[in-house]
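Here's the letter readout for the chains.
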Amino acid sequence: MENILDCIIVGSGPAGFTAAIYAARADLKPELYTGLEPGGQLTTTTEVDNFPGYANGVTGPEMMMDLQKQAERFDTKVHYEMITKTEFSTEMGGIHKLWAGNKELFAKTVIISTGATAKYLGLDDEKKYSGGGVSACATCDGFFYKGKDVIVVGGGDTAAEEATYLSNICNKVTMLVRKDHFRASKAMEKRVENTPNIEVKYFHELVGIEGENGLVERAVVIDNRTQEKSTINVHGIFIAIGHTPNTSIFNNQINLDENGYIETKPKSTKTNLPGVFAAGDVQDHLYRQAITAAGSGCMAAMDAEKYLGELK
């Protein structure tokens, strides 16, 4: 077995690049595989205003380039390739096998930071107005709609949380729920009902978006009982129908929760397999912020360093 690396990082968002910075500084000589979306979800975000250190804000792609340059400054090797298959060892000190296409890789530790992908409705207009009023993260983008009218699509806990968060910033929040009831918990439903500037439209679905110069101005909605269409004047549309963690290649090898997120041990990034760690949105369905992902990337690198130290 040739060229066994100390650390391979799978994924290139804030978690992956922060893990790379810490692992490289610990002399683990990490190699990072970016996957199909170098920089992760943040590369689809226009303005990032809530990441510490950027006093005037920064675009998502710029921030990811900054993180990558910092990781490369400490000799992290970045590969613009996708890990397509894994064969993790279950033994303490075992060697993990990964494949990037036909290329076989061997590592003593693996940090998984493949993130989660926001679910969208699949409308062409969602792509057309992405960054111009369509978002999948109220905490990230809600500030830009201060005092304006917005729509939240969805009826689960995520949608209810996003709507109540936005109600503190926006003038009015309209929730589109396609059934006659919420899927959210009763506590969240009550919170929505008790918030005066949230209006819930049951049996309603988003079918189109209109606007000028790539900016959202109106939502086209349909009453699915009567098929009657109408428009609502809004500046922001938040799609809150959940996320899909990018864990399909690790199925049957690593412990996942019922929604497909990697389970990590409390107060650590350790998975059920020795030498395999998980950081960022791939194991965090609660916070889903760039800064929390970066923090867990730091933890993963430190956990990997400690694991290698114990082996010696």
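Before reading on, note that the structure itself is shown above.
A brief structural summary. (Residues numbered from 1 in each chain as written. Predicted model: local features only at pLDDT ≥ 70, side-chain atom pairs only at ≥ 80, totals over all residues. Heavy atoms only, no water.)

On the surface, E47, D49, E62 and D66 cluster together into a patch of negative charge. When you line up the elements, D66 lands in helix α2 (residues 60-73). A residue is classified by how much of its surface remains accessible, and D66, at 35% relative accessible area, is partly exposed. (Patch = residues over 30% accessible without salt bridge, like charges linked within 9 Å, V, L, I, M, F, W, Y side chains within 5 Å. Areas by Shrake-Rupley, 256 points an atom, 1.4 Å probe, with all protein chains shown as cover. Salt bridge = Lys/Arg side-chain N within 4 Å of Asp/Glu carboxyl O. Lys, Arg positive; Asp, Glu negative; His and termini not counted. Charge placed at Lys NZ, Arg CZ, Asp CG, Glu CD. Helix = DSSP H or I, 4+ residues; strand = E, 2+ residues; numbered from the N terminus. Buried < 20%, exposed > 50% of the residue type's maximum accessible area, 1.4 Å probe, protein only.)

Strand order in this open sheet of three strands is β14-β15-β16, and the pairing throughout is antiparallel. Among the strands making up the open sheet, the edge pair consists of β14 (204-210) and β16 (228-233). Going from strand to strand, the sheet's axes swing by 30° on average, the running direction of each strand aside. Bridge analysis of β14 against strand β15 (residues 218-223) gives six bridges, and the strand direction is antiparallel. From the neighbouring strand, L206 faces β15, where its bridge partner is V221. (Pairing = 2+ DSSP bridges. Axes fitted to C-alpha atoms, helices over the stretch in contact; angles between N-to-C directions.)

What links the strands of a sheet is backbone hydrogen bonding, and the strands pair in either a parallel or an antiparallel sense. Strands sit in the order β10-β17-β11-β12-β13 across an open sheet of five strands; the sheet is parallel. Two strands in the sheet have a free side with no partner beyond their single neighbour: β10 (134-135) and β13 (198-202). For β10 and strand β17 (residues 236-239), the ladder comprises two bridges, and the chain directions are parallel. Residue pairing for β17: V134 is matched across the bridge by I237. Packed onto the sheet, helix α5 (residues 157-167) meets β11 (149-153), β12 (172-177), β13 and β17 and runs at close to 165° relative to β12. (Contact = heavy atoms within 4.5 Å.)

Counted residue by residue, strand β7 (residues 96-100) has four buried out of five residues, so it is predominantly covered. The pairing of β7 with strand β8 (residues 103-112) spans five bridges and is antiparallel. Along β8, the bridge assignment pairs A100 with K103. Connecting β7 to the next strand, β8, in antiparallel fashion are two residues, including G101 with a positive phi near 65°.

Ranked by internal contacts, the top residues of the largest apolar core, which has 29 residues, are I9, F17, M63 and I111. Going through the elements one at a time, β1 (4-10), α1 (14-25), α2 and α7 (290-311) are the ones with two or more residues in this core. Top contributing element to this core by residue count: α7, with eight residues. Those residues in contact with F17, other than ones at most four positions away along the chain, are S12, L32, M64, L67, Q68, A71 and V78. (Core = buried A, V, L, I, M, F, W, Y, C linked by side-chain atoms within 4.5 Å.)

The next point concerns the state of the cysteines. Applying the stated criterion across every chain yields a total of one disulfide. The partner cysteine of C137 in its disulfide is C140, sulfur to sulfur 2.1 Å. Its torsion about the S-S bond being 70°, the disulfide of C137 and C140 is classed as right-handed. Residue classification places C137 among the buried residues on the basis of a relative accessible area of 15%. (Disulfide = S-S within 2.5 Å.)

So, on to the pairing of β16. Taken together, the six bridges between β15 and β16 define a ladder with antiparallel strand orientation. Bridging across to β16, R218 finds its partner in N233. Adjacent in sequence and paired antiparallel, β15 and β16 are bridged by four residues, among which Q227 carries a positive phi angle near 65°.

One pass over the structure, following the stated rule, counts six aromatic pairs. Between F182 and Y202, the aromatic rings sit 5.9 Å apart at their centres with planes inclined by 85°, giving edge-to-face as the arrangement. Highlighted residues: F182 in the loop between β12 and α6 (186-193) and Y202 in strand β13, separated in sequence by 20 residues. Where F277 meets Y307, the ring centres are 6.2 Å apart and the plane angle is 75°; that geometry is what we call edge-to-face. In this pair, F277 is assigned in strand β19 (residues 276-278) and Y307 in helix α7, connecting sequence segments 30 residues apart. Across the pair, Y307 and F277 agree in class, each one buried. The residue whose ring lies beneath R25 is F74, and the NZ or CZ to ring-centre distance is 5.2 Å. Over the ring of W99 we find K85; its NZ or CZ atom is 4.5 Å from the centre of that ring. (Phe/Tyr/Trp six-rings, centres within 6.5 Å; stacked < 30°, edge-to-face > 60°. Lys NZ or Arg CZ within 6 Å of the ring centre and 35° of its normal.)

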